[in-house]
Amino acid sequence: MAHFMTLPEAVAQNLHSGDMAAFEGFTHLIPHASAHEAIRQGVKDLTLVRMTPDVVYDQFIGMGAVRKLIFSYAGNPGVGLLRRLRDSVENGWPNRIEIEEHSHAAVANAYEAGAAGLPFAAFRGYKGAELAKVNPNIKSVTCPFTGEELAAVPAIRPDVSFIHAQKADRKGNVLIEGIVGVQKEAVLAAKRSVVTVEEIVDDLETHPNACVLPGWAVTAICVVPGGAHPSYAHGYYPRDNASYIAWDKIAADRDTFLAWMKDNVLDATPEDFADRIKHLRSAS
Amino acid sequence: MSGTDFTSTEMMTIAASRALKNTDVCFVGIGAPSAACNIARLTHAPDVTLIYESGTIGTAPTVLPLSIGDGELCDTAVTTVSVPEMFRYWLQGGRVTVGFLGAAQIDRFGNINTTVIGDYDHPKTRLPGGGGAPEIASSCGEIFITMKQSKRAMVEKIDFFTSFGHGEGGDHRQRLGITTKGPTLMVTDLAVWKPDPVTREFTVVSLHPGVTREMVQAECGWTVRFADALDETPEPTGIELKTLRDLNTRTKAAHSGGKTGEAA
């Protein structure tokens, strides 16, 4: 049953050092505010899962909070590579993280299997590709009906999944609109879930086929306007492309990165996100 | 009008765009492929169906997206589905005729590396990884590739097989049980390449205007084969160039808009 609470409370109650956690969002609705709160609370030794780890996972990795990363595409979309991730993988700074690498199809199917309570996912994938050679969690199964060999990967079942959404009603039902990514599956696959929303409303004013997570399927809901910035919330504010471009320079240097993290994350609060999107709201 | 004043990148994008048909359903990679696919839509193929892996089907953006999931893609799409649905029903279901990809590294058989340069466990450069490409390469009806040529990118042997092209050539795809055609076209900033029908090695079939065989070889890490009947790629038309430049101008304005955010 969804409980309304502050983001610091929700993170403290639902994310612990050593957990497997997903902060999902496919370019859209990436839960930056939740990730920043987790970094502030100093959680360590995380196994982070996401299809498309980008800027916010670069921040987790650069702060030394990550033990292992499970992913399928790690980049700064449209800008380039993740420099903190590269520094970890190439130079071991601040620690060398363990990598479990898949394709998008594999992670999407693995979340679905997790949501469906199945132990693994089967799909037609990885043919001729080399990832199976470096990732022991990519195996194969034979179809019992046709004999076709299919790829198999274990279900993803995070201890906790974090997502951001447009709005929730007063009963805790959550509406996700636009590019919905894999967020519904990530929440339903996880033991616990924290949803930040732009606003709480009396009525979701939605249509019958919208992506709604019923309140009873969610653990915690927190109101954090702008909580996806510099990602975007369809209908509320656009993607802050300039911030993604700026990140490339910030992350290129260890000291610049650490100074930026102190100013914008460690010394900040969830409330700061509302200010970060003011200029975007007026531009849209 | 003949567009005599154009860059090699413009020639590449326009030549690549010509490969798409109005009836194609195309899974679009970000970057150079995205530009080519949208030029096709804005010129000779207005009804081409463009699909981005973020879930947008039949999208028609007025500017090129910076990321694979920009809001513009969703706003202009016929429908937007979840990412699991995209990969299960639409891609794996065999409903996509063309996958349009770029590459960090490629070999003569169209095998693509976007994972690492160097050894996987101790890479010289850690690249973003495969994303959707491993399954795009095997599930789309055929694969078009577009990229700028360089000896670093076009190599004798790729460091990692992210996406399987024609493997070691010949019938390697069939032997692995892959039923789709694989790479059938590569358009670079210098030439148009097609696989040899038997060996599947990419062969230059057309040189862009002003390009020589020596220029193609100088930017390629393997010994290039040229078709017996070597064509010259038709120059960009006035309308093609205008469409591309207008799109680039709109895109630049859109992505530099607003002040630089302080937080990322």
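In this report, we go over the structure that sits alongside the text. (Residues numbered from 1 in each chain as written. Chains lettered and ligands numbered in written order. Predicted model: local features only at pLDDT ≥ 70, side-chain atom pairs only at ≥ 80, totals over all residues. Heavy atoms only, no water.)

**Some words on the pairing of strand E14 (residues 225-232) of chain B**
Every regular strand shows the same layout, with side chains that alternate between the two sheet faces.
Piece 1. Pairing of strand E13 (residues 202-207) of chain B with E14(B), which is carried by 4 bridges, proceeds in the parallel orientation. The residue of E14(B) that forms the bridge with Val204(B) is Phe226(B). (Pairing = 2+ DSSP bridges. Helix = DSSP H or I, 4+ residues; strand = E, 2+ residues; numbered from the N terminus.)

**Description of the nonpolar core**
Piece 1. Core analysis: the biggest nonpolar cluster contains 91 residues, and Tyr111(A), Tyr126(A), Leu20(B), Phe27(B), Met154(B), Trp193(B) and Val216(B) have the highest contact counts within it.
Piece 2. With 7 residues, helix H5 (residues 104-115) of chain A is the largest single contributor of residues to this core.
Piece 3. Not counting residues up to four positions away in its chain, the partners in contact with Tyr126(A) are Glu101(A), His102(A), Ser103(A), Ala106(A), Leu131(A), Ile138(A), Ala151(A), Val153(A) and Glu135(B).
Piece 4. Ranked by size, the runner-up nonpolar core spans 44 residues in total, among them Val43(A), Ile97(A), Val160(A) and Val265(A). (Core = buried A, V, L, I, M, F, W, Y, C linked by side-chain atoms within 4.5 Å. Buried < 20%, exposed > 50% of the residue type's maximum accessible area, 1.4 Å probe, protein only. Contact = heavy atoms within 4.5 Å.)

**Looking at the pairing of strand E6 (residues 120-123) of chain A**
Residue and element names in this part refer to chain A.
Piece 1. Burial along E6 is one-sided: the residues Ala121 and Phe123 are buried and none of Phe120 and Ala122 is.
Piece 2. Pairing geometry for E6 and strand E8 (residues 149-154), over 4 bridges, is antiparallel. Bridge pairing in E8 places Phe120 opposite Pro154.

**Observations regarding the packing of H5(A) against helix H4 (residues 83-91) of chain B**
Any two packed helices are characterised by the angle at which their axes cross and by the distance between the axes.
Piece 1. Between H5(A) and H4(B), the least distance of the axes is 9 Å, while the angle of their chain directions is 110 degrees. Accordingly, the angle class assigned to the pair H5(A) and H4(B) is roughly perpendicular. For H5(A) against H4(B), the interelement crossing comes out left-handed. For the pair formed by H5(A) and H4(B), the contact residues are His104(A), Ala105(A), Ala108(A), Asn109(A) and Glu112(A) on the first element and Val83(B), Pro84(B), Phe87(B) and Arg88(B) on the second. (Axes fitted to C-alpha atoms, helices over the stretch in contact; angles between N-to-C directions. Parallel < 35°, antiparallel > 145°, perpendicular 65-115°, else oblique. Left-handed = near helix turned anticlockwise from the far one by under 90°.)

**Side note on the interface of chain A and chain B**
Piece 1. At the interface, 60 residues of chain A touch 48 residues of chain B.
Piece 2. Carbon and sulfur atoms supply 61% of the area that chain A and chain B bury against each other, a total of about 4,400 Å² over both sides.
Piece 3. Its largest share of buried area at the contact with chain B, chain A owes to Lys127(A), Glu130(A) and Ile179(A), together 13% of the area lost on that side.
Piece 4. Across the pair Glu101(A) and Arg126(B) runs a salt bridge, and its minimum N-O distance is 2.7 Å.
Piece 5. For the interface between chain A and chain B, the tally reads 17 residue pairs in polar contact (both at pLDDT 80 or more). (Buried area = accessible area lost by both parts, 1.4 Å probe. Salt bridge = Lys/Arg side-chain N within 4 Å of Asp/Glu carboxyl O. Polar contact = N/O pair within 3.5 Å; in protein donor to acceptor, adjacent residues only side chain to side chain.)

**Focus on unusual backbone geometry**
All names here are of chain A.
Piece 1. In the segment running from Trp93 into Pro94, the intervening peptide bond is cis, with an omega of -5 degrees.
Piece 2. Turning to its location among the elements, Pro94 is positioned in the loop between helix H4 (83-91) and strand E5 (98-101).
Piece 3. Cis geometry is found at the peptide bond from His229 to Pro230, where omega equals 10 degrees.
Piece 4. As for its position among the elements, Pro230 is in the loop between strand E13 (220-223) and helix H8 (241-250).
Piece 5. The backbone of Leu29 sits at a positive phi, close to 60 degrees, despite the residue not being glycine.
Piece 6. Turning to its location among the elements, Leu29 is positioned in the loop between strand E2 (20-23) and helix H2 (32-40).
Piece 7. With a relative accessible area of 0%, Leu29 lands in the buried category.
Piece 8. Located in the positive-phi region is Glu205, a residue other than glycine, with phi close to 45 degrees.
Piece 9. Along the polypeptide, Glu205 turns up in the loop between strand E11 (192-201) and strand E12 (211-213).

**Description of the pattern of salt bridges**
Piece 1. Using the criterion set out here, one finds 29 salt bridges over all chains in the structure.
Piece 2. The partner of Glu112(A) in a salt bridge is Arg88(B), with the nearest N and O atoms 3.2 Å apart. One end of the pair, Glu112(A), is in helix H5; the other, Arg88(B), is in helix H4, on a second chain.
Piece 3. Ionic contacts of the salt-bridge type, sharing partners, join the residues Asp45(A), Arg67(A), Lys68(A), Glu98(A) and Glu100(A) into one network.

**Topic: the sheet that holds E8(A)**
All names here are of chain A.
Piece 1. Taken together, 3 strands build an open sheet; the order of strands is E6-E8-E7 and the sheet is antiparallel. Bordering the open sheet on either side are E6 and strand E7 (139-142), each of which pairs with just one other strand. Across this sheet, the average inter-strand angle for adjacent strands is 40 degrees, counted without regard to direction.
Piece 2. Strands E6 and E8 of the sheet are contacted by H5, whose axis makes an angle of about 135 degrees with E6.

**Some words on the environment of Pro136(A)**
Piece 1. You can see Pro136(A) is positioned in the loop between helix H6 (131-134) and E7.
Piece 2. Each C-alpha atom of the pair Pro136(A) and Cys222(A) lies 38 Å from the other, and the pair is 86 residues apart in sequence.

**Observations regarding the packing of aromatic side chains**
Piece 1. In total, this model carries 12 aromatic pairs over all chains according to the counting rule given.
Piece 2. Look at Phe27(B) and Phe87(B): their rings are 6.1 Å apart centre to centre, the planes differ by 50 degrees, and that puts the pair in the tilted class. Of this pair, Phe27(B) sits in strand E1 (residues 25-28) while Phe87(B) is found in helix H4, placing the two residues 60 residues apart along the sequence. Of the two residues examined, Phe27(B) and Phe87(B), each falls in the buried class.
Piece 3. Taking the centre distance of 5.5 Å and the plane angle of 85 degrees together, the rings of Phe100(B) and Phe144(B) count as edge-to-face. With Phe100(B) in strand E5 (residues 98-101) and Phe144(B) in strand E10 (residues 142-147), this pair connects stretches of sequence that are 44 residues apart. In this pair, the class of Phe100(B) matches that of Phe144(B), namely buried.
Piece 4. Taken together, Phe23(A), Tyr57(A), Phe60(A) and Phe162(A) form an aromatic cluster joined through their ring pairs.
Piece 5. The residue whose ring lies beneath Arg50(A) is Tyr57(A), and the NZ or CZ to ring-centre distance is 5.4 Å.
Piece 6. Taking NZ or CZ as reference, Arg213(B) lies 5.0 Å from the ring centre of Phe226(B), over its face. (Phe/Tyr/Trp six-rings, centres within 6.5 Å; stacked < 30°, edge-to-face > 60°. Lys NZ or Arg CZ within 6 Å of the ring centre and 35° of its normal.)

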